[in-house]
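Observations on chain architecture
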Amino acid sequence: MFRKIIYIGEFNNQAIYFDTEEQVPLAASKSSLLNTQNSKHSWKYIVCIILILILIRIMCRIFPILDPFHEKYSVATIVYLIIVWVGAGVGFPIIMEKILYKNIKFVTPTTKQAFRGAVYGNNIWNNFSNKKITKSKKIWAWLVTLCIVFFSLASLIVGALVFNMIGKTIGSEIIAISLLGLLPGMSVFLLWQNNIIRWMRIVENYQKRKIKWN
């Protein structure tokens, strides 16, 4: 169900992975889109997207002629939302797969030093004051993962309820509804592509010297 080889981080301009079966660190040329330092500011892009959606919504209310849905939910609105949901839900994991695992077929064994550099350079540590796996950090990882999965399931229910809104006036809620498709995509990311629970388990074993390096 889960990946045998998982992404650990970056080191020396390479993407570093860990083979969970063979217990060996691996490395491959990283994608040009993979940049740990720049990804620290990725939240700014999300804010910009939301602000753009809000601005579009405001312009549609000021100039109704610009609103393709004429201020009411319709079949056209539902089709538009479905396209946006599918695009976000499928597109996000595809993009992240290219970013994190672009050259996974060409991995080669690397050193424990490279593995250590990738571990302690990972942006996950930005959420904490120290770089040591603790019970509270593991609880945090579980809560984040479970919350995203729960809201992803809830988004499917909310999406189905949109069909009952046909004929009703479109309000600011259209912005949040348009972003629902991101949640299933984020679930795929957290469970399959960048599972922080598995990542922390590996790092904990490393910090406690439980990994039997082959």
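Residues numbered from 1 in each chain as written. Predicted model: local features only at pLDDT ≥ 70, side-chain atom pairs only at ≥ 80, totals over all residues. Heavy atoms only, no water.

1. Observations concerning the packing of helix α5 (residues 135-161) against helix α8 (residues 196-207)
It is the contact of α5 with α8, at a shortest axis distance of 9 Å, that shows an interaxial angle of 165°. With respect to their mutual orientation, α5 and α8 come out roughly antiparallel. The handedness of the crossing between α5 and α8 is left-handed. Of the residues in α8, those in contact with Lys-137, Lys-138, Trp-140, Ala-141, Trp-142, Val-144 and Thr-145 of α5 are Ile-196, Ile-197, Met-200 and Glu-204. Looking at side-chain class alone, the contact of α5 with α8 contains seven nonpolar, one polar and three charged residues. (Axes fitted to C-alpha atoms, helices over the stretch in contact; angles between N-to-C directions. Helix = DSSP H or I, 4+ residues; strand = E, 2+ residues; numbered from the N terminus. Parallel < 35°, antiparallel > 145°, perpendicular 65-115°, else oblique. Left-handed = near helix turned anticlockwise from the far one by under 90°. Contact = heavy atoms within 4.5 Å. Nonpolar A, V, L, I, M, F, W, Y, C, P; charged D, E, K, R; others polar.)

2. What about the pattern of salt bridges?
Proximity of charged atoms lets side chains of opposite charge pair with each other. Summed over the entire model, instances satisfying the criterion amount to five salt bridges. Connected via shared salt-bridge partners are Lys-138, Glu-204 and Lys-208. (Salt bridge = Lys/Arg side-chain N within 4 Å of Asp/Glu carboxyl O.)

3. Regarding the pairing of strand β2 (residues 14-19)
Counting buried residues along β2, five of its six residues qualify, which places the element largely inside the surrounding structure. Pairing analysis gives six bridges linking strand β1 (residues 5-11) to β2, with the strands arranged antiparallel. By the bridge assignment, Gly-9 is partnered in β2 with Ile-16. Between β1 and the antiparallel strand that follows it, β2, lie two residues; Asn-12 among them carries a positive phi value of about 55°. Relative to strand β3 (residues 24-29), β2 runs antiparallel, the two being bridged by six bridges. Paired with Asp-19 across the strands is Val-24, a residue of β3. Linkage of β2 to β3, two consecutive antiparallel strands, is achieved through a turn of four residues, within which Gln-23 is found at a positive phi near 60°. (Buried < 20%, exposed > 50% of the residue type's maximum accessible area, 1.4 Å probe, protein only. Pairing = 2+ DSSP bridges.)

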